[in-house]
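Coordinate analysis (summary)
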Amino acid sequence: MKIIVCMKQVPSSNDVHLDPVTNTIIRDGNKSIINPFDSSALEQAVEIKERLGGEVTVLSMGIPDTQRLLRDALSRGCDKAVLLSDSAFAGSDTLATAYTLGLGVKKIGKFDLILCGKMAVDGDTAQIGPELAENLNIPHVTDVDEVIFVNDKEIICSKLIDGGSQILNVPLPALITVVKDIKIPRLPSIKGIRFSQTASLEILTAQDISADITKTGLNGSPTQVVKTFTPVQENTSVEFKGNAKKIAKQIASVLGEVL
Amino acid sequence: MANLTINKDLCNGCGVCINSCGNNAITLDNGKAIVNENCILCGICVDSCPCNAISIENISQPTKDISNSSGIWVFAEVSQGKLLPVGFELLGKGRALANQKKCSLTAVLLSHSSEAMAKELIYAGADDVLICADKDLHDLREELCTTILCNMIMARNPEILLFGATAFGRSVAPRVAARIQTGLTADCTMLEIDDKGLLRQTRPAFGGNIMATIICPKTRPQMATVRSGIMEPIHRDTTRIGKIVRVPFPSKLKTKTKIMETRLNKSTLNLADAKALIVVGKGIGSKKNMALVNQLADLIGASVGVSRPLVDAGWSEYKHQVGQTGATVAPKVLISLGVSGAIQHLAGIYRAEKIIAVNTDPDAPIFGVCHYKIVADCVEILKELIEIYKK
Amino acid sequence: MELIKPFSDEYMDYLRDESRTVGYADSISFPKTEEEIVSILKYLYQNNTAITVQGARTGLVAAAVPFGGHILNISKMDKILGCRKDQKNFYLTIEPGVILMELNKKISSKKFDTTSWNEISLEAYNSFLSSPPMFFTPDPTENTATLGGMVACNASGARSFMYGATRNHITAIRLALADGRIVSLKRGETFANLRTLTITTQNGDNITLDLPKYEMPNTKNASGYFVKDNMDAIDLFIGSDSTLGVITELEIALTPLPPHIWGISCFFESEIKAIKFVQLVRYKIEGVAAMEYFDQTALNLLRNQKESGTAFAQLPDVPYNYNCCVYIELHANTEESIEGKMFEVGEKMELAGGNLDDTWVARNENDIDCLHFLRHAAPESANMIIDQRKKTDPMITKLGTDMSVPDQFLEEVFDLYRSGLEENNLESATWGHIGNNHLHVNILPRDSEDYKTGTILYSIWADEIAKMGGAISAEHGVGKLKSYFLEVMYGSESIEQMTALKYQLDPKGLLSKGNLFTPKKGGEN
């Protein structure tokens, strides 16, 4: 079973606030982590590998620093890592990212299953998985919350839909995007960390994957961000003070008016 | 290739851009900002720079001919045999945009039934309705819907295509976008037409802490999924008339994915429709206090929602989650207990008519949006409220 | 008196603490300032009313549970008053009701309400803002404790293995004596002459104290008064279970936060191997900040809780061949150095007969939070079981030990516990600070019979541990529940001396009546 897991480096915190003096955006904390949804995907992939044998390759597109997180993924049971890193990839929207990842997948070669986190916590788009699958022309399932059965021919999984769930049968090769709760990511062992230090981590440029750079990065992105801003809050509120009893009475009277 | 350019003459070395960057891609060199290999051209620094010294140079590619596209399409999603409200909301917004652009508004209905639904879509603002009906479309079949939609788009070339940001919409839309090779903006909360006639799509990013406005100038259709509960539907107008166009179900259309079983939750908790809502955050202190919350909810006939950290901590289930990644709610009254109010949470509650917020931190962001502010331990208040309503 | 409210039903919660002991009281107050404390104390002193001092009531030995008299609850005194710096460090002056969790949040975000701070404080705060991150090292599992409470029992936590107990991080205290006089003590200013100590009150009175003559055990200790030759006066009051005075203000020292903190859970198939591992690691690898232990029953509790889908469901699965766990926390300045230490830990693990596969290494905040959660989950799970059993027999409580012994007795003390539990067929779960030979053996009684057997066994253990030169309370304090064992540990003569010391400062014996001393001794007039 050859499995590829797509992983994104994301900021450890989404805390962003507006500097009151300069009115500009300030980020709090700038450590980066593996997108938590992708961590769950990694765990699911490694569990499948441990059951059926085979190999898990973790694939990411990102800045060179992403190597650190790929090593982390290697310490948690992945066998190989591939990083697509080139300034020609900067500014990619989801379509350009999916194009680039698709070339990465082709470079890795034969595969049976691709797992992606449902979405990344910084962008929240949930589009990479489906777009990548379309580019590769393979079937896919989004929002998977359980892998019920898998062998080298097919996968049976449960996906969350609006108001319920569905059980699906999909022939391989296929792609699934997983929800965070699908698995609880393991912690690496000392042995895993030792392995990760020398494991194979390939860094590929646009040229290495024969990318058409009119389809990558900012140029290759059909969507463009024209403005970013922090949402404004306005407020005029009444404050209730006093002991808990008194406050509760005041709340009850508001509820009485409304309900 | 695109580049981030920092104009050295304009840069005053204030360092604001360094703080704004999530990738450590900017450093100071001799009192001027310089960019390094970590840059992903996200553009946040461009808007953060007080001196307008940063720009992104984009050597524009020859664009495809997009002049012959026209019309706004709204995907009218059917779930369990019913049109979803978000479709009507999108038609409401779509109507306004179509009037502004002086173009037609089309609803797309993929369902095994019915004429009646199509009429409702016209009453809700559509000029025409494209129907593709087949019994295979009974279950929501992403693969089928994608192919049918793509066929329709190729044949008719719409300028704008909107989906509700439901699980289904957010699954089908990217499939369509990738197959057509066009841009798609996820989970928009604001749509407008700019002076060039382009669709400006505004959406939260970074967990809702930043809003980003996005355009799709080079390819068509301009696609967006739009958050439920945000746009206003127009008043149902039964005098409206429109054209109903039937598109045949493509023969020999086979899917690789087989649906073995569909389970629908019987007791669907519908936070979006709740009139009264108690929303609980980490300030509730412990999981056992959730029992008190449920008790009060029963007493006053409210539904219970929770903030994301509670779901993450396993104190509640995802179906109760309110906020950007959960339900968007619009109750008459919302009692917020121990919720600090991260922006992604606030994005989900701002349509509440009255918000009563209890939190121990007087500076909690929730107080920035509430109507009644109470700085106190929410558990104490909760207990007192239960006492009052028990009587 | 206005500040003193007669006791009524709305204050029921204030009659109990985390030990789940319930007492009774006649009146209660929530002072907001030192002046208010003083006027309350003076009034009570005149009326010969006994006083129980309370913080957040998170204690485990009923020190804050009143048995009659007045409850002086300091939880409303929760302001951070100022900041000071010297060449090495930053210090914060705080009121005793500040909650540890809140304090930690403020220190890490460097956000304080500085509106009432003086210029010196603001200046120090400005340089604090631009300094590397700092932290307050004591980390008791219960992080909703007040700082006043932590000082009263000299609390510690996992990281005390490296940084020492609360005592080591307190640089000044102000306290009000039973009669309302104020004493202000700064570390390094007032020392005893051998076992005679003179302190001066704010109004100029000198009080000369005869300190007890006993030698304290050579272990982690929170049992009875801290005394030794030529000691610093401040240390007498830290860990005194509020029997000598009421803390009104304190100054804490902050420590630079190590840039790299990793946690490693090392799992073993047998307790013998785990003990051997501890002996191989401690004092041998620099930067080991904590060494914690979880035995098989503690891990089983977690597994059960996880399966029942509670909050612990977010924890990774603990494989069934993992029978016990030693958690090591490493602190270091560079990534290379911490990685080297981790591999050293690995080598020791193999030497002890463990397998490097059976480790969980937490190298980022998320993973460390996960391991901390795991640590907190053990006591939480045990409490859940007891609360369940209490429903059938209200008499049942958890019988938790808090005893430490000198290093050479680590194996012996394990044998003591294991044989006692086995002979008496008692259910238990054990976790705790193995690096300090300080285990919390928790007897989980199934019925009142078990409970009786357990209490007897507990006394036997206290006896044996006193013989090993250990402490009957290493971090929870003595309070009311362990006063009997204090006598076992030090002997009746030392208790007489302690009692005498108390009466020199509190002649009517009003303060924290029942703490440290069994009622027939110090508490009763």
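Here the structure is shown first, and the text comes after it.
Residues numbered from 1 in each chain as written. Chains lettered and ligands numbered in written order. Predicted model: local features only at pLDDT ≥ 70, side-chain atom pairs only at ≥ 80, totals over all residues. Heavy atoms only, no water.

1. Some remarks on the pattern of salt bridges
Close approach of charged atoms lets side chains of opposite charge pair. The tally for this structure, following the rule as stated, stands at 48 salt bridges over all chains. The residue E50 of chain A makes a salt bridge to R186 of chain A at a minimum N-O spacing of 2.9 Å. Taken together, the residues span a long stretch of sequence, with E50 of chain A in helix α1 (residues 36-52) and R186 of chain A in the loop between β12 (174-178) and α5 (190-198) at a distance of 136 residues. On the basis of relative accessible area, E50 of chain A is assigned to the exposed category, the value being 52%. A salt bridge links R236 of chain B to E120 of chain B; the nearest nitrogen and oxygen atoms lie 2.6 Å apart. Of this pair, R236 of chain B sits in the loop between β15 (222-226) and β16 (243-246) while E120 of chain B sits in helix α4 (residues 115-123), and the two are 116 residues apart along the sequence. Taken together, the salt bridges that share partners define one network made up of D72 and R76 of chain A together with R363 and D367 of chain C. (Salt bridge = Lys/Arg side-chain N within 4 Å of Asp/Glu carboxyl O. Helix = DSSP H or I, 4+ residues; strand = E, 2+ residues; numbered from the N terminus. Buried < 20%, exposed > 50% of the residue type's maximum accessible area, 1.4 Å probe, protein only.)

2. With respect to the environment of T66 of chain A
Residues and elements named next belong to chain A. With respect to the helices and strands, the residue T66 is situated in helix α2 (residues 66-75). Along the backbone, T66 and V147 are 81 residues apart, and their C-alpha atoms lie at a distance of 28 Å. Filtering out sequence-adjacent residues up to four positions away, T66 remains in contact with M7, Q9, S60 and L83. A distance of 2.8 Å separates the side chain of T66 from the backbone oxygen of I63, its partner in a polar contact. (Contact = heavy atoms within 4.5 Å. Polar contact = N/O pair within 3.5 Å; in protein donor to acceptor, adjacent residues only side chain to side chain.)

3. A few points about the pairing of strand β16 (residues 324-332) of chain C
All names here are of chain C. Within β16, nine of the nine residues are buried, which leaves the element mostly enclosed by the surrounding structure. The alternating pattern of β16 places C324, V326, I328, L330 and A332 and C325, Y327, E329 and H331 on opposite faces, both of which are buried. Examined bridge by bridge, strand β14 (residues 260-268) and β16 share nine bridges and lie antiparallel to one another. Within β16, the residue paired with F268 across the bridge is C324. Relative to β16, strand β15 (residues 288-294) runs antiparallel, the two sharing six bridges. Across the sheet, residue E292 finds its bridge partner in β16, namely Y327. (Pairing = 2+ DSSP bridges.)

4. Some remarks on the side chain of S85 of chain A
Tracing the chain through its elements places S85 of chain A in the loop between β7 (80-84) and α3 (94-108). If we skip the residues at most four places from it in the chain, S85 of chain A touches G62, I63, P64, I203, L204 and T205 of chain A.

5. Observations regarding the packing of α2 of chain A against α5 of chain A
Residues and elements named next belong to chain A. Remark: α2 packs on α5, axes separated minimally by 7 Å, with the N-to-C direction vectors making an angle of 135°. Between α2 and α5, the angle falls in the class oblique. You can see that α2 and α5 cross each other, and the crossing is right-handed. In contact with R71, L74 and S75 of α2, α5 contributes G192, I193, F195, S196, Q197 and T198. Across the contact of α2 with α5, the residue classes tally to three nonpolar, five polar and one charged. (Axes fitted to C-alpha atoms, helices over the stretch in contact; angles between N-to-C directions. Parallel < 35°, antiparallel > 145°, perpendicular 65-115°, else oblique. Left-handed = near helix turned anticlockwise from the far one by under 90°. Nonpolar A, V, L, I, M, F, W, Y, C, P; charged D, E, K, R; others polar.)

6. Brief notes about the interface of chain B and chain A
Contacts between the two partners involve 103 residues from chain B and, on the opposite side, 84 residues from chain A. Across the interface of chain B and chain A, roughly 8,200 Å² is buried in total on both sides, 58% from carbon and sulfur atoms. On the surface where chain B and chain A come into contact, there are two salt bridges. Counting every contact that joins chain B to chain A gives 25 residue pairs in polar contact (both at pLDDT 80 or more). Counting residues per element, the side of chain B that touches chain A draws most heavily on helix α6 (residues 167-180) of chain B, which supplies nine residues. Looking at the side of chain B that touches chain A residue by residue, the class counts come to 51 nonpolar, 30 polar and 22 charged. By the bridge criterion, five bridges tie strand β14 (residues 224-229) of chain A to strand β14 (residues 210-215) of chain B in an arrangement that is antiparallel. Counted as the bridge partner of Q224 of chain A is I215 of chain B from β14 of chain B. (Buried area = accessible area lost by both parts, 1.4 Å probe.)

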